[in-house]
Amino acid sequence: MTGHDHKPGHFRPGGDDHPLNHATDTPGADDTLGADTAPTLTGGTAAVRELLLALSVGFSIPSPLPESLRDPDSSDHPDGLDSIIAAAKDTGLLLPDGTVVGTARYALLKGTPTARIRALQRELVDKTLQEGLVLGDLARDLARNGFQDPRVVAELERSADDALATDPRLAAELYAEALLAGGDEVAKAARHAQATAATGDLDSAGRMVDRLLAVPGAPDLRLGVDVAAAVWAQRGMLARSADTYHWLGPDRIDGSAPLAAVAMIGSGNPVDAEELLAAVPPSGSPTLLAVALSLTQQGLRETLEPAPELALAELIRASDMMNAAGTSIPLPETPAALAALCALHSGEPTVADTVLKAALAAGQGGDAARPRLFLLRAWSSMQQDNADDARLAINEAVKANHWVLAPRDEFLLAALETGLARRGSDVHELVLAWDRAREAMMHVSVDLYSLLSWGELMITAARLRESRRVAHYLESAWDLLGRLGNPPLWSVPLHWAAVQAALLSEDPAGLAPHAAALVRASEHSHLAAVLAAGGKAWVSVLAGRFEASDVETAARGLAAVSMPWEGARLAGHAAAHADERRDMVKLLACARDLHPQGSAPSAGVSERQEVARVAVPAQPVMDIGGGPGAPDSSGLSAREREVGRLILEGKTYREIGEAIYISPRTAEHHVARMRRRLGAESRSELLVRLRMALGEGYPPP
């Protein structure tokens, strides 16, 4: 048989004509492959078969080959190794590039005793290292093939350590392969967990550090705590992150002190953070990473001050330095996310978007951080009244890595979806998003970095008359802010959300303390001053005593701090309640200017109809003033509200008529009019909108 008889790629393991599929019955024909070998060669010599096996194991040409090939049978191969190689090529099993045909390689490895394969693999490692070469990818192949050797472990762990900072996914694979090669699970557990967490696999990383922290005198303990704290944070349990650093203690925390401060401040323990930072002075060289962490804790502490003007700049520089460092370490919160949150709380969503875009391009925080950075970009777009960009960013977040969203990010996504549905006046989507948010909030606890989400859910709950669902979470939020000294930067947006929720809940008494807090914060916060003016304008509109110019100023002020939807909502509602036509036209123009995509009039629509449509996002709000038969802010008359209550009780038209002394046909007319006024396209949507309009005490959705 020659190479002309069998071409590479035409080998058929089940074919009767191939030499690998003929068992030899000649005594001593192939002792090398073992007596119980399934595939053997009959046409080639023992040296050819030995060469093919060696190449299948990992040897290569022209690198040194096994000792068994140094002195081949001179009668069969008078030209030595060159003759063996030529003969192997003639079989059609050795390709021109020096590799064995895949199916033949599989058959050789499958049919050769394990002890023989391990001996050849060990000889391969010996010869590679004797020549002063590194094992490189060979170590990975050997480990995946089940070969265990401390030299292979050392090579894989060294390569993993080198890749950890810049390519955690590769590092995680290398650490796992080192374990296959016989590595010590504890020795590199912290680093393996760091790499695994950075890819987004929180469950596996958590299990690794759990085992590590239970080992007395565990290696890399501080790194293991960093990973554990980061995993707790992503699970939405930041207080557990702080507890983990408390457990580590100041005597062992060293360079992780800034990370501990982020966890402690975020969970409402600034005193502990200050004590820890004072007890652990900065150590080590001022690397980019060290500077990034130092700036992060400095900027975060600045956000707690009455006048936090320097905080945003500090946090942006921290994010810049982390990007420049190009390293991925476990973090309770990335500098980019903190800078973005600071910007969003300050009414600077465009700044937040710029910071987040740069962080995503630099890979800050690894794959695990990407979903959160994209979701914060979505929040920035939503705050700028750009729903399309927000949804694009949400799509990027969902597919950012191979894992489902962490609970913290799932909660942020749920709040985003409710915010987009509320701003789009889509009642059906709002109810669906609210249901998802109710589920998501059960998996997380309140922390400083989630207050924007809680504020949005507070408003949504008030609009859907479900405030009781978030009451205890909001108590935790106010308590947390109290422990931090009620810093204006973090508390002002939540007070504004509480003002809006009080308006929707028809709760003037609940509104007062939050309005007062905004006024107090106005001394140090421009955003607070604008929001206080906006709240005052809302109250004046609802009371029916307002000046159109004051409302327009307040509405444009809201738009100037990146709240155009809120400004348009105020102006549109004021237009609906204006006594003078010129005021109505002026305020309607303002609403269109601030929220153009939601205000384009349709052909044939009157000004009054357009005013009502622009003002729709304000429904429902408290009715201050107005006669008993006048429509309230939802557009329903007293009689229609009465019919609506009976509809929610499940009454038929006949039963409604009997209850309030009207004919069934009149009841039907009332329901049809209510559907038009509330914009309901179906009975189920009418029921949802009636519940919203009529408030507490009626069957929930």
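Keep in mind that this is a model prediction, so the values were computed, not measured. (Residues numbered from 1 in each chain as written. Predicted model: local features only at pLDDT ≥ 70, side-chain atom pairs only at ≥ 80, totals over all residues. Heavy atoms only, no water.)

(A) Structural detail: the overall build of the chain. Looking only at helices and strands, the chain features 35 helices and zero strands. Here the analysis covers contacts within the chain between residues at least 6 apart in sequence; of these, 63% occur between residues at least 24 apart. With an accessible surface of roughly 30,300 Å², the chain has 52% of that area assigned to carbon and sulfur atoms. (Helix = DSSP H or I, 4+ residues; strand = E, 2+ residues; numbered from the N terminus. Contact = heavy atoms within 4.5 Å. Areas by Shrake-Rupley, 256 points an atom, 1.4 Å probe, with all protein chains shown as cover.)

(B) Representation of helix α9 (residues 202-213) within the structure. The end-to-end C-alpha distance of α9 is 16 Å, a good match for the 16 Å that 12 residues give at a rise of 1.5 Å each. Turning to α9, its buried residues number three or more, namely L202, S204, A205, G206, M208, V209 and L212. The inward-facing, buried residues of α9 abut α8 (189-199) and α10 (221-234). (Expected span 1.5 Å × (residues − 1). Buried < 20%, exposed > 50% of the residue type's maximum accessible area, 1.4 Å probe, protein only.)

(C) Quick peek at the packing of helix α6 (residues 150-164) against helix α7 (residues 168-180). Direction vectors running N to C along α6 and α7 enclose 160 degrees, while the axes themselves pass 8 Å from each other. Compared by their axis directions, α6 and α7 come out roughly antiparallel. As α6 runs across α7, the sense of the crossing is left-handed. Across from V153, L156, E157, S159, A160, D161, A163 and L164 in α6, the residues of α7 making contact are P168, L170, A171, L174, Y175, E177 and A178. Grouping the amino acids of the contact of α6 with α7 by side-chain chemistry returns 11 nonpolar, one polar and three charged. (Axes fitted to C-alpha atoms, helices over the stretch in contact; angles between N-to-C directions. Parallel < 35°, antiparallel > 145°, perpendicular 65-115°, else oblique. Left-handed = near helix turned anticlockwise from the far one by under 90°. Nonpolar A, V, L, I, M, F, W, Y, C, P; charged D, E, K, R; others polar.)

(D) Structural detail: the packing of helix α26 (residues 508-521) against helix α27 (residues 526-542). One way to put it is that α26 packs onto α27 with a least axis distance of 7 Å and a crossing angle of 145 degrees. In this structure, α26 meets α27 at a crossing whose hand is left-handed. In contact with L511, L518, V519 and A521 of α26, α27 contributes A528, L531, A532 and V539. When grouped by side-chain class, the residues that make up the contact of α26 with α27 number eight nonpolar, no polar and no charged.

(E) Summary view of helix α33 (residues 653-660). Within α33 the residues assigned to the buried category are I656, G657 and I660. The arc enclosing the buried residues of α33, seen along the axis, measures out at 100 degrees, which places them on a common side. In α33, the exposed residues that point more than 90 degrees away from the buried face are R654 and E658. Its buried side turned inward, α33 meets α32 (638-648) and α34 (664-678). (Arc of directions from axis to C-beta.)

(F) Inspection of the nonpolar core at higher detail. In this structure, Y245, L448, Y449, W454 and W490 are the most contacted members of the largest nonpolar core, which totals 117 residues. The leading source of residues in this core is helix α17 (residues 335-345), at nine residues. Sequence-distant contacts of L448, defined by excluding residues within four places in its chain, comprise I265, G266, L480, L481, L484 and W490. Of all hydrophobic cores here, the second largest spans 43 residues; its members include V101, L135, L138 and A143. (Core = buried A, V, L, I, M, F, W, Y, C linked by side-chain atoms within 4.5 Å.)

(G) How the structure looks around unusual backbone geometry. One non-glycine residue, D385, lies in the positive phi region at around 65 degrees. Secondary-structure assignment places D385 in the loop between α19 (366-383) and α20 (387-398). The phi dihedral of R465 falls on the positive side, at around 55 degrees, and the residue is not glycine. Assignment of secondary structure puts R465 in the loop between α23 (451-463) and α24 (471-483).

(H) A look at the pattern of salt bridges. Counting across every chain of the model gives 37 salt bridges. For R144, the salt bridge is made with E177, and the minimal N-O distance between the two is 2.9 Å. Here R144 is found in helix α5 (residues 137-144), whereas its partner E177 is found in helix α7, with 33 residues between them in sequence. Its salt-bridge partner being R422, residue E456 comes within 2.8 Å of it at the nearest N-O pair. Residue E456 is found in helix α23, and its partner R422 is found in helix α21 (residues 407-423); the two are separated by 34 residues along the sequence. Connected through salt bridges with shared partners, the residues R140, D141, R144, E173 and E177 form a single ionic network. (Salt bridge = Lys/Arg side-chain N within 4 Å of Asp/Glu carboxyl O.)

(I) View of the packing of aromatic side chains. This model, assessed by the stated rule, comprises three aromatic pairs. Measuring from ring centre to ring centre gives 4.6 Å for F411 and W454, while their planes differ by 40 degrees; the resulting arrangement is tilted. Of this pair, F411 sits in helix α21 while W454 sits in helix α23, and the two are 43 residues apart along the sequence. W454 matches F411 in its accessibility class, with the two residues each being buried. Between W454 and Y473, the ring centres sit 4.7 Å apart and the planes meet at 20 degrees, which makes this aromatic pair stacked. A residue pair is termed long-range when its members are at least 10 positions apart, and W454 in helix α23 and Y473 in helix α24 qualify at 19 residues. The same class applies to W454 as to Y473, namely buried. Pairwise contacts between aromatic rings join F411, W454 and Y473 into one cluster. Positioned above the aromatic ring of W247 is the side chain of R252, whose terminal nitrogen or guanidinium carbon lies 5.3 Å from the ring centre. Positioned above the aromatic ring of W565, the side-chain terminus of R423 is 5.5 Å from the ring centre. (Phe/Tyr/Trp six-rings, centres within 6.5 Å; stacked < 30°, edge-to-face > 60°. Lys NZ or Arg CZ within 6 Å of the ring centre and 35° of its normal.)

(J) Seen up close, the confidence of the model for the chain. For the chain, mean pLDDT is 83; residues scoring 70 or higher make up 85% of the total. Contacts from residues 599-610, a stretch scored under 50 in pLDDT, to residues over four places away or in other chains number 22 contacts. (pLDDT = per-residue confidence, 0-100.)

(K) Expanded view of the environment of A165. Tracing the backbone shows A165 in the loop between α6 and α7. Among residues more than four places away in sequence, those in contact with A165 are G326, T327 and S328.

(L) Representation of the environment of L202 within the structure. With respect to the helices, strands and loops of the structure, L202 is situated in helix α9. Linking L202 and Q234, residues 32 residues apart in sequence, is a C-alpha distance of 8.3 Å. Apart from residues no more than four positions distant in its own chain, L202 is found in contact with A197, V231, Q234, R235 and A406.

(M) Up close: the side chain of T128. Tracing the backbone shows T128 in helix α4 (residues 114-130). A polar contact is formed between the side chain of T128 and the backbone oxygen of L124, at a distance of 2.8 Å. Excluding residues that lie within four positions of it along the chain, T128 makes contacts with L133, V134, L135 and L138. (Polar contact = N/O pair within 3.5 Å; in protein donor to acceptor, adjacent residues only side chain to side chain.)

(N) Focus on the side chain of Q234. Tracing the sequence through the fold places Q234 in helix α10. For Q234, a relative accessible area of 8% translates into the label buried. Filtering out sequence-adjacent residues up to four positions away, Q234 remains in contact with L202, A368, A406, P407 and R408.

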